[in-house]
Amino acid sequence: METIAFQNGEVTLNTVVAGSKNGPAVVLLHGFPEFWYSWHKQIDPLGAAGFRVVVPDQRGYNRSSKPSGVRSYALTELVSDVIAIADQLGQERIFLAGHDWGAAVAWSVALLHPNRVARLAILNVPHPSVMRRYLMQDRRQLRKSWYMLFFQIPYLPEAFLSASNFRRGTASLVGSSRPGTFSAGDVAQYRAAWLQPGALTGMINWYRAAFRHRAKFPDRTVRVPTRILWGMRDAFLTAEMARDSLRYCTDAELIQFPDATHWLQHEEPVRVSQILVDFFSV
């Protein structure tokens, strides 16, 4: 593995790259509150299969740029980072996978730039239209998403998550995952990322921007081959949204993991890696 900096205007994206330099590019997008390390168990299997594996810290996270202002974290800006990476790789089309917020970005790349995505893999986040509908109409999902509203408050969420050496930030990982999923070493990696100057505000600004700068999709149908992987014991997102998302895709399959939580690629690393290798090997 090596670390490469990609540029999107003034934004620098710290990125871990591995695998074949001449292989097709697989871009893996992490979610909240993680960073590139979210995918560390998938990098070697994908690299061994001949892919060029590209795993950025998305803007606001870890060692990537943390531009000021909530608008800098609008979904269209996050999508532009992925396109900038593809351009600098010299890849007309990429294989794209995302988890959590990374999945929201991945959905949006496929909707706004379908000609740039060869295949799309989604882990535990629904299609944007499904997410919006459930947030507006489903009381169970609204209760699960209380933290999204809390994150709209200035300053307080940062103080809340960082208090007592990030006790609550750690609890968001450890408390909602299967026992033993995150080791002490894993937690130390995340704390180090959260301690980067400006990181917590940058991370939370994704949620603030989602409420203030909603993306508009001219076509809400995903027209690239898609696989949705879903841990059925997700504490944050109702499982019904996974199947509802299939209706917005022309070619999609749902693969359910009955005993997995929201942190799917951590809990089922071997199976997730193999699914990605098989799906992207076309």
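Residues numbered from 1 in each chain as written. Predicted model: local features only at pLDDT ≥ 70, side-chain atom pairs only at ≥ 80, totals over all residues. Heavy atoms only, no water.

## So, the overall build of the protein chain
For clarity, the cut-off: Secondary structure elements are defined from DSSP: runs of H or I of at least 4 residues count as helices, runs of E of at least 2 residues count as strands, and each element is numbered from the N terminus. Here the radius of gyration uses the C-alpha set of atoms, whereas the globule reference equals 2.2 Å times the residue count to the power 0.38. Only heavy atoms matter for contacts: two residues are in contact if any of them lie within 4.5 Å across the pair. Under the convention used here, Asp and Glu are negative, Lys and Arg are positive, and both His and the chain ends fall outside the count. The location of each charge is read from NZ of Lys, CZ of Arg, CG of Asp or CD of Glu.
Of regular secondary structure, the protein chain possesses 12 helices and eight strands. Taking 282 residues into account, the globule formula puts the C-alpha radius of gyration at 19 Å, and the protein chain, at 17 Å, falls close to it. Taken along the three principal axes of its C-alpha coordinates, the protein chain extends 45 × 40 × 40 Å. In the protein chain, of all internal contacts separated by at least 6 residues, the share reaching a separation of at least 24 is 75%. Computing the positive centroid from 31 side-chain charges and the negative centroid from 23, the protein chain places the two 6 Å apart.

## Remarks on the environment of Leu89
Counted only if it meets this: Burial classes: relative accessible area under 20% of the type maximum marks a residue as buried, over 50% as exposed, and values in between as partly exposed (1.4 Å probe, protein chains only).
Relative to the elements of secondary structure, Leu89 occurs in helix H2 (residues 75-89). A relative accessible area of 22% means that Leu89 is categorised as partly exposed. Residues Leu89 and Thr3, 86 residues apart in the sequence, show an inter-C-alpha distance of 14 Å.

## Observations regarding the packing of aromatic side chains
To keep things clear, this is the line we draw: A pair of aromatic rings is counted whenever rings of Phe, Tyr or Trp (Trp by its six-membered ring) have centres within 6.5 Å, and the orientation is called stacked for planes under 30 degrees apart, edge-to-face for over 60 and tilted otherwise. Consider the ring centre and the ring normal. A charge sits over the ring if Lys NZ or Arg CZ is within 6 Å of that centre and within 35 degrees of that normal.
Throughout the structure, instances matching the rule amount to 27 aromatic pairs. Summarising the aromatic geometry, the rings of Trp146 and Tyr147 are spaced 6.3 Å apart at their centres and angled 90° between planes, so their arrangement reads as edge-to-face. When the ring of Phe151 is compared with that of Tyr207, the centres are 5.0 Å apart and the planes differ by 65°; the resulting orientation is edge-to-face. Of this pair, Phe151 sits in the loop between helix H6 (146-150) and helix H7 (156-174) while Tyr207 is found in helix H9 (residues 199-212), placing the two residues 56 residues apart along the sequence. For the pair Phe151 and Tyr207, one class covers both residues: buried. Geometry around Phe257 places Arg271 over its ring, the cationic atom sitting 4.3 Å from the centre.

## Considerations on the pairing of strand E8 (residues 252-257)
Let me state the cut-off plainly: For two strands to pair, DSSP has to find at least two bridges joining them. By convention a crossover is right-handed if, when the strands point away from the viewer, the path from the first strand over the helix to the second runs clockwise.
Across six bridges, the pairing between strand E7 (residues 226-231) and E8 is parallel. Along E8, the bridge assignment pairs Thr226 with Ala252. Between the parallel pair E7 and E8, the chain is carried across by helix H10 (residues 240-245), and the sense of this crossover is right-handed.

## Notes on the packing of H2 against helix H3 (residues 101-112)
For any two helices packed against each other, one specifies the inter-axial angle together with the distance between the axes. Inclusion rule: Lines are fitted to the C-alpha atoms to define the axes, a helix being fitted only along its stretch in contact, and any angle between axes, read from their N-to-C directions, falls within 0 to 180 degrees. For classification purposes, angles smaller than 35 degrees are called roughly parallel, those larger than 145 roughly antiparallel, those between 65 and 115 roughly perpendicular, and all remaining angles oblique. When residues are sorted by character, Ala, Val, Leu, Ile, Met, Phe, Trp, Tyr, Cys and Pro go into the nonpolar class, Asp, Glu, Lys and Arg into the charged class, and all the rest, Gly among them, into the polar class.
Where H2 contacts H3, the two axes come as close as 9 Å, and the packing angle between them is 80°. With respect to their mutual orientation, H2 and H3 come out roughly perpendicular. Of the residues in H3, those in contact with Leu75, Leu78, Val79, Val82 and Ile83 of H2 are Trp101, Ala104, Val105, Ser108, Val109 and Leu112. In the contact of H2 with H3, the residues fall into 10 nonpolar, one polar and no charged.

## Here's the deal with a positive patch on the surface
Here is the rule: In this scheme, patches are assembled from residues that exceed 30% relative accessible area and form no salt bridge. Like charges are connected within 9 Å, while nonpolar side chains (Val, Leu, Ile, Met, Phe, Trp, Tyr) are connected within 5 Å. Computed with a 1.4 Å probe, the accessible areas rest on the Shrake-Rupley method; for each residue, only the protein chains presented here act as cover. We count a salt bridge whenever a side-chain nitrogen from Lys or Arg sits within 4 Å of a carboxyl oxygen from Asp or Glu.
The grouping of Arg132, Arg214, Lys216 and Arg220 at the surface amounts to a positive patch. Tracing the backbone shows Arg214 in the loop between H9 and E7. Residue class for Arg214 comes out partly exposed when judged on its relative accessible area of 49%.

## A look at unusual backbone geometry
For residues that are not glycine, phi is negative in most cases, and the peptide bond is trans in most cases. For the bond running from Phe32 to Pro33, omega is 0°, close enough to zero to count as cis. You can see Pro33 is positioned in the loop between strand E3 (25-29) and helix H1 (40-48). For Asn62, which is not a glycine, the phi torsion comes out positive at approximately 45°. By the element assignment, Asn62 lies in the loop between strand E4 (52-56) and H2. Here Asn62 falls in the buried class, since its relative accessible area comes to 7%.

## Examining the sheet that holds E8
With respect to topology, eight strands assemble into an open sheet ordered E1-E2-E4-E3-E5-E6-E7-E8, the strand pairing being mixed. Strands with a single pairing partner mark the edges of an open sheet, and in this sheet they are strand E1 (2-8) and E8. Direction aside, the axes of adjacent strands within the sheet are offset by 20° on average. One ladder, built from five bridges, connects strand E2 (residues 11-19) with E4; its direction is antiparallel.

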